[in-house]
Amino acid sequence: MAAVQAATLMEKDPPPYLDTPAIRGAFDRIGIAPEVAAPNFNLYFRTLSGIESNFGSQLSNRDRVGPGGTTAKGEYQITDGTFQTMLRRAIRSYKLVDEEPPKWISDTLADNKRDPRNLTDTQARELIVLDMEQRPQKYNGVGTSELMRDLALGNWDAGRELFDKQIKPLLIGQIIFLKDLKAMLLQFVKYERICSGQMEA
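What counts, and where the lines are drawn
- Residues numbered from 1 in each chain as written.
- Predicted model: local features only at pLDDT ≥ 70, side-chain atom pairs only at ≥ 80, totals over all residues.
- Heavy atoms only, no water.
- Axes fitted to C-alpha atoms, helices over the stretch in contact; angles between N-to-C directions.
- Helix = DSSP H or I, 4+ residues; strand = E, 2+ residues; numbered from the N terminus.
- Parallel < 35°, antiparallel > 145°, perpendicular 65-115°, else oblique.
- Contact = heavy atoms within 4.5 Å.
- Nonpolar A, V, L, I, M, F, W, Y, C, P; charged D, E, K, R; others polar.
- Bend = angle between axes of the 7 residues up to and from the residue.
- Salt bridge = Lys/Arg side-chain N within 4 Å of Asp/Glu carboxyl O.
- Buried < 20%, exposed > 50% of the residue type's maximum accessible area, 1.4 Å probe, protein only.

Moving on: the packing of helix α7 (residues 121–134) against helix α8 (residues 144–152). Viewed as axis vectors pointing N to C, α7 and α8 meet at an angle of 125°, and their least axial separation amounts to 6 Å. With respect to α8, the axis of α7 lies oblique. Side by side, α7 and α8 meet where V129, M132 and E133 of the first sit next to T144, S145 and M148 of the second. When the residues that make up the contact of α7 with α8 are grouped by side-chain class, the tally is three nonpolar, two polar and one charged.

So, in structure tokens, the structure goes:
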């Protein structure tokens, strides 16, 4: 059913972050076309943005939380250590398809003051997707590339598991994710109404 739904919703032209050589190679390895994955991945990133940074309005965890905060930054709250790893995995992904990585990836990796807030949204999304496919960890015995494939086909349990940074009991994780998702969707509806002039900020 999910596969039928995803194929029905597939986009004729995928967004830029799903249309790079490395991304197409990653989706080819999991057997899904980026055009099919696009609607569910677009929604996943919209959800992630809402939960992690209130749609890009809170770009520093430490600024928001105080001294006890983490190094997470940017719309998708990428930590300093994770950022470096993601860049290395992106370079590996390009090598797998016999392509040179874009200059922005190499330059960012070489910059000791690298900051995910300096990425464009397209760049940040590409790094996150490539990290999903290259990440070696398993959640409940399922590799993240398999979760990536399932999310592409509309399985939001897979989306929740990709979202969780810590391994939690399944039910608790699901309740936390669904609670955050509901709050995020309400915020997004409000944001859309403000942008369209249907209500004041």
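Structure's up, so let's keep going.
Time to look at helix α3 (residues 34–53). Its maximal kink placed at N40, α3 deviates by approximately 35°. With its phi angle positive at about 55°, N54 sits one or two positions after the end of α3.

All told, the structure shown has 11 salt bridges when counted by the stated rule. A salt bridge links D131 to R89, with the nearest nitrogen and oxygen atoms 2.6 Å apart. Separated by 42 residues along the polypeptide, D131 in helix α7 and R89 in helix α5 (residues 80–96) bring together distant segments of the chain. Classification of D131 as buried rests on a relative accessible area of 5%. In this structure, the salt-bridge partner of R149 is D150, at a minimum N-O distance of 3.4 Å. On the basis of relative accessible area, R149 is assigned to the partly exposed category, the value being 30%. On the accessibility criterion, D150 (22% relative accessible area) is partly exposed.

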